[in-house]
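# Geometric and topological summary
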Amino acid sequence: MALGTIAFIAMGWGEEDEEMQEFYIITTFITAIAFSSYFSMATGFGLIEVSVSGVAEPLEIYWARYADWLFTTPLLLLDLALLAGADRNTIATLIGLDAAMIITGLVGAIATEGAASRIAWWGISTGFFVVLLYFLVSSLSGQAARQSGDVASTFSTLRNLVVVLWTAYPIVWIIGTESTLGIIGLTTETALFAVLDLAAKVGFGFILLRSRNVLEQATGAAQAAD
Ligand code: RET
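What comes next is a walk through the structure. (Residues numbered from 1 in each chain as written. Predicted model: local features only at pLDDT ≥ 70, side-chain atom pairs only at ≥ 80, totals over all residues. Heavy atoms only, no water.)

## Quick word on the overall build of the protein chain
If you tally the helices and strands in the protein chain, you get eight helices and two strands. Overall, the protein chain shows an N-to-C arrangement of helices and strands of α-α-β-β-α-α-α-α-α-α. Here the C-alpha atoms of the protein chain give a radius of gyration of 18 Å, agreeing with the 17 Å that 2.2 N^0.38 yields for 226 residues. With respect to the three principal axes, the spread of C-alpha positions in the protein chain is 60 × 35 × 25 Å. (Helix = DSSP H or I, 4+ residues; strand = E, 2+ residues; numbered from the N terminus. Rg over C-alpha atoms; globule rule 2.2 N^0.38 Å.)

Below you can see the structure in the form of structure tokens.
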């Protein structure tokens, strides 16, 4: 995450156009926030023990993930929305659904009332997620289709990446230790989240920022719409 942050700063260095700068600033913050979150988890600050009624062993919960996701997932959506030239209402709806998804997911992770209530919170969070995906593939994709060919095609690549990678998160959660099902252990779960986070943030950032031409066209289109 630190290397990604440095790379994105370097890629945006010397960019004079304010609208173009937005993409670099947003993407740099995404990995910088994740770096801080991983540092807190690596040093033990980001970890708590949660005793769940009816479950013998206390669960080890990395709450710092949720703090990271609460800020970084809206920023990822904002990057996508700016690329699509989306209107304010679409952006606000996506970010609202996303925040609801992460906050209810956090509640599920720290709930102590029993395994069933934790899984119920997972269900609520997944409900928000499904509606979020619906807006991504309907409204947002519809708005992106009005952009130039290159922008629309980068948008589709990134949108597909988001749909596939983000869908893995609730699956890892439910088969992992948070749900108390523990089909996979904490080490495997931690490794999976790390790989997903790297792909969804650093991989996403490189695809978005690799073509100056695409960003220029996207911001030009945004100006015309204004
Ligand atoms: C949780 C809890 C259970 C239900 C759902 C979840 C979704 C999480 C997602 C996270 C995405 C994170 C990203 C991070 C950084 O790159 C919170 C696991 C639906 C979609 C993309």
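## Remarks on helix α1 (residues 2-12)
All of the buried residues in α1 are G4, T5, F8 and G12. Buried positions in α1, seen along its axis, are confined to an arc of 100° and lie on one side of it. For α1, exposure combined with an orientation more than 90 degrees from the buried face picks out L3, I6 and A10. Where α1 is buried, its residues touch α2 (18-42) and α7 (186-209). Where α1 ends, the next residue or the one after it, G14, has phi of about 85°, a positive value. (Buried < 20%, exposed > 50% of the residue type's maximum accessible area, 1.4 Å probe, protein only. Arc of directions from axis to C-beta. Contact = heavy atoms within 4.5 Å.)

## Topic: the site of the ligand
The local shell around the ligand holds 16 residues, among which W122, S125, W166, A200 and K201 are the closest. K201 is positioned with one of its side-chain polar atoms (N or O) 3.1 Å from an oxygen atom of the ligand. Bound to the protein, the ligand loses 100% of the 530 Å² it would expose on its own. Mapped by element, the contributors of at least two residues to the shell around the ligand are α3 (64-84), α4 (88-110), α5 (115-144), α6 (149-175) and α7. (Near = heavy atom within 4 Å. Polar contact = N/O pair within 3.5 Å; in protein donor to acceptor, adjacent residues only side chain to side chain. Areas by Shrake-Rupley, 256 points an atom, 1.4 Å probe, with all protein chains shown as cover.)

## Considering the packing of α3 against α6
Between α3 and α6, whose axes approach to 10 Å, the crossing angle comes to 160°. As judged from the angle between their axes, α3 and α6 are roughly antiparallel. In the crossing of α3 with α6, the sense of the turn from one axis to the other is left-handed. From α3, Y66, W69, T73, L76, L77, L80, L83 and A84 reach across to α6, where they touch V151, T154, F155, L158, R159, V162, W166, Y169 and W173. Partitioning the contact of α3 with α6 into residue classes produces 14 nonpolar, two polar and one charged. (Axes fitted to C-alpha atoms, helices over the stretch in contact; angles between N-to-C directions. Parallel < 35°, antiparallel > 145°, perpendicular 65-115°, else oblique. Left-handed = near helix turned anticlockwise from the far one by under 90°. Nonpolar A, V, L, I, M, F, W, Y, C, P; charged D, E, K, R; others polar.)

## Details of the packing of aromatic side chains
Scanning the model with the defined rule gives eight aromatic pairs in all. With a centroid separation of 5.6 Å and an interplanar angle of 70°, the aromatic rings of F45 and W63 are classed as edge-to-face. Separated by 18 residues along the polypeptide, F45 in the loop between α2 and β1 (47-50) and W63 in the loop between β2 (59-62) and α3 bring together distant segments of the chain. The exposure class assigned to F45 is exposed, which follows from its relative accessible area of 60%. (Phe/Tyr/Trp six-rings, centres within 6.5 Å; stacked < 30°, edge-to-face > 60°.)

## Focus: the nonpolar core
In this structure, L80, L83, L132, L136, L140, W166 and L208 are the most contacted members of the largest nonpolar core, which totals 55 residues. For this core, the secondary-structure elements that each account for two or more residues are α2, β2, α3, α4, α5, α6, α7 and α8 (212-225). The greatest single-element share of this core, amounting to 10 residues, is contributed by α6. When neighbours within four sequence positions are excluded, L83 is seen to be in contact with F23, Q147, V151, T154, F155, L158, L208, V214 and A218. (Core = buried A, V, L, I, M, F, W, Y, C linked by side-chain atoms within 4.5 Å.)

## A closer look at unusual backbone geometry
The residue T180 is not glycine, and still its phi comes out positive at about 75°. The exposure class of T180 is partly exposed, given its relative accessible area of 25%.

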